[in-house]
Structures are given as C-alpha cells and as structure tokens.
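Remarks on the overall topology
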Amino acid sequence: MAELSSLENQNPVLYQKCIERILTAEDENDEIIDLFDAREIFDLIKNINDPEHPLSLEQLHVVEEKLITLDNGKNEVKVYFTPTIPHCSMALLIGLSIRVQLFRSLPSRYKVTVEVTPGTHVSASEINKQLADKERVAAALENESLIKVINQCTVFEE
C-alpha cells in the first residue's frame, strides 16, 4: 500500500458491503447445471484489494454488481469498474487485477472484457485499449514486480 503522503485519494468514500448471498442445497449440488450470473461474477471480484488503500473494491464502489453483464450462451463476461477519482494512476493495475482474478476463477471458455466505466476516468480509452490487448496483458503478467502487486491485490480471505 502507498504511504499516506503519496496517496492520490487520501479520503475515499466508503460504501456498505452487499449482503452475502446465502447458498442453497441446489447451489452446492454438482448434478444441477448452474449458469453464472452477475452476482457470482461480482462475488469473485468484490474482495480484490485496492492497491492504495487497505479496502476492497466493493467498499470503494470501484466494482458493482449492476456494472457486470454476461452472456452464458456466448461465454462472455463484461465488467465495468469505476476508479475513485478521474485521474487515478492505479486504474490500469485495478483493471489487470480484475482480469487476473476472473481468469483464475472462470472456466477458460469465457471471454472476459474489463473496461473503465464510461465518463469516470480521463484516460479511459487508453486504459481500455491496454486491457483489451491480449499481448500487452500477457507481457504485463510476465513482469515479476507487477504480478507480485496483482497477487497482493487478489489474495483475500473468504
């Protein structure tokens, strides 16, 4: 985490966490074909840690269930994320963390798209272009320093 004097957003707004989803017997029954829904995708990414603050992306409203769409028929997931400030220098790292978490969690047949919520960041188009470029993402994930930071963001207790 960054030192207090170097934080871009020293006093982020905190939001209440969602109520945990109660698992039913059907949820845990491997015999039943259970398609993913937006809440399940949200549950996979909500506890990712913000790179600057000891807070989750859910607590900062960087990720929200309403900003997730998926099409199980086409095996596509799209996640919009909202940086806490319009000039957040951590936005690309946050986007990479979301992509990595979903890559590690979802079956490989899913195409995952992660983008900055329109109108919420001054460099959204550049960040989105980088997040969509498979070669750039692969190269970034070969960087030991970067993957170490991403791993710190994506490791959390259930």
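Residues numbered from 1 in each chain as written. Predicted model: local features only at pLDDT ≥ 70, side-chain atom pairs only at ≥ 80, totals over all residues. Heavy atoms only, no water.

**Brief notes about the overall build of the chain**
This is how it is decided: A helix here means a DSSP run of H or I that spans at least four residues, while a strand means a run of E at least two residues long, and both kinds are numbered starting from the N terminus. Buried means the residue's accessible area, taken with a 1.4 Å probe over protein chains only, is under 20% of the maximum for its type, while exposed means over 50%, and partly exposed covers the values in between. By the convention used here, residues are in contact when the closest approach between their heavy atoms is within 4.5 Å. In short, Shrake-Rupley with a 1.4 Å probe defines the accessible areas, and a residue's cover is counted only from the protein chains shown.
In terms of helices and strands, the chain carries 6 helices and 3 strands. Seen in sequence order, the chain has helices and strands lined up from the N terminus as α-α-β-β-α-β-α-α-α. Sorting the 158 residues of the chain into buried and exposed places 40% on the buried side. Here the analysis covers contacts within the chain between residues at least 6 apart in sequence; of these, 67% occur between residues at least 24 apart. A total accessible area of about 9,800 Å² is found for the chain, and carbon and sulfur atoms account for 51% of it.

**Thoughts on the nonpolar core**
Selection criterion: Buried residues of nine kinds, namely Ala, Val, Leu, Ile, Met, Phe, Trp, Tyr and Cys, make up a nonpolar core once their side-chain atoms join them within 4.5 Å.
Judged by nonpolar contacts, the single largest core of 34 residues is most densely connected at Ile 45, Val 79, Phe 81, Ile 98 and Leu 102. Of all the secondary-structure elements, those providing two or more residues to this core are α2 (38-45), β2 (76-81), α3 (91-105), β3 (111-116), α4 (124-132), α5 (134-141) and α6 (144-154). The leading source of residues in this core is α3, at 7 residues. When near neighbours in sequence (up to four residues on either side) are disregarded, Val 79 contacts Ile 41, Ile 45, Leu 67, Ile 68, Ile 98, Leu 102, Thr 113, Val 114 and Glu 115.

**A closer look at the packing of aromatic side chains**
What counts, and what does not: Only centres within 6.5 Å qualify two rings of Phe, Tyr or Trp (six-membered ring in Trp) as a pair; their planes then separate them into stacked at under 30 degrees, edge-to-face at over 60, and tilted for everything else.
On inspection of all chains with the given rule, the structure shows 1 aromatic pair. Each ring, one from Phe 36 and one from Tyr 110, has its centre 5.4 Å from the other, and the planes form 90°; the classification is edge-to-face. Remark: Tyr 110 occurs in the loop between α3 and β3 and Phe 36 occurs in the loop between α1 (25-28) and α2; sequence separation between them is 74 residues. The class of Tyr 110 is buried, set by a relative accessible area of 8%.

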